[in-house]
Amino acid sequence: QLQLVESGGGLVQSGGSLRLSCTASASSFSISAMSWYRQAPGKERELVAPITSGGSTSYVDSVKGRFTISRDNAKNTVYLQMNSLKPEDTAVYYCHARSWGNADYWGQGTQVTVSS
């Protein structure tokens, strides 16, 4: 059973930066894609950014130019560098992994709060 452990959330002022990390308990070779999702209070969970095993990325429009997703396969870790944070980025951020067998795994979530 693959486990995902997230870290790096916290409280930051508007315009600040945070870096989230998510480490998988299994080899990255068993994982096809990893992603970051977020869920704000009263809203549905949304996909923020995925990254494939080959390194292809995409971003939801609201974070383009501010967030960067990256992946270190040697460390079985995916990162989300978040710059120029806005209050509307406040949410619980979840790491997601999909195996080559199309099984889905989720981290426990990490809170990001951006104060104005």
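Source: prediction; values computed, not measured.

How would you explain the sheet that holds strand β1 (residues 4–7) if you had to name every residue and give the values?
Spatially, the 4 strands line up as an open sheet ordered β1-β3-β7-β6, and their pairing is antiparallel. Two strands bound the open sheet, and with one partner strand each, they are β1 and β6 (67–72). Between one strand and the next, the sheet's axes are offset by a mean angle of 15°, whatever the strand orientation. Strand direction decides the pairing type here: β6 and strand β7 (residues 77–82), joined by 6 bridges, are antiparallel.

Outline the state of the cysteines, listing residues and values.
Inspection of every chain in the model, using the stated rule, returns 1 disulfide. Residue pairing for C22: its cysteine sulfur links by disulfide to C95, the two sulfurs lying 2.1 Å apart. In this structure the cystine formed by C22 and C95 twists about its S-S bond by roughly -80°; its chirality is therefore left-handed. With a gap of 73 residues between them, C22 in strand β3 (residues 18–24) and C95 in strand β8 (residues 91–99) connect regions that are remote in the sequence. On the accessibility criterion, C22 (0% relative accessible area) is buried. Look at C95 and you get buried, because its relative accessible area is 0%.

Lay out the environment of S14 with the relevant residues and their values.
By the element assignment, S14 lies in the loop between β2 (10–13) and β3. The exposure class of S14 is partly exposed, given its relative accessible area of 43%. Considered as a pair, S14 and E88 are 74 residues apart in the sequence and their alpha carbons are 9.6 Å apart.

Explain the pairing of β1 to me, and be specific about the residues and the numbers.
The side-chain alternation of β1 yields one buried face, formed by L4 and E6, and one unburied face, formed by V5 and S7. Alignment of β1 against β3, held across 4 bridges, turns out to be antiparallel. Residue pairing across strands places L4 opposite A24, the latter belonging to β3.

For the nonpolar core, give the residues involved together with the corresponding values.
What tends to happen in soluble globular proteins is that the nonpolar side chains get buried as a cluster. In terms of nonpolar packing, the biggest core is built from 28 residues, with L4, M34, W36, L80, M82 and Y93 touching the most fellow members. Those elements giving two or more residues to this core turn out to be β3, β4 (31–39), β5 (46–52), β6, β7, β8 and β10 (110–115). Residues contacting Y93, with those up to four places away along its chain left out, are E6, L20, W36, Y37, R38, V48, F67, L80, M82, G109, T110 and V112.

Analysis parameters
- Residues numbered from 1 in each chain as written.
- Predicted model: local features only at pLDDT ≥ 70, side-chain atom pairs only at ≥ 80, totals over all residues.
- Heavy atoms only, no water.
- Pairing = 2+ DSSP bridges.
- Helix = DSSP H or I, 4+ residues; strand = E, 2+ residues; numbered from the N terminus.
- Axes fitted to C-alpha atoms, helices over the stretch in contact; angles between N-to-C directions.
- Disulfide = S-S within 2.5 Å.
- Buried < 20%, exposed > 50% of the residue type's maximum accessible area, 1.4 Å probe, protein only.
- Core = buried A, V, L, I, M, F, W, Y, C linked by side-chain atoms within 4.5 Å.
- Contact = heavy atoms within 4.5 Å.

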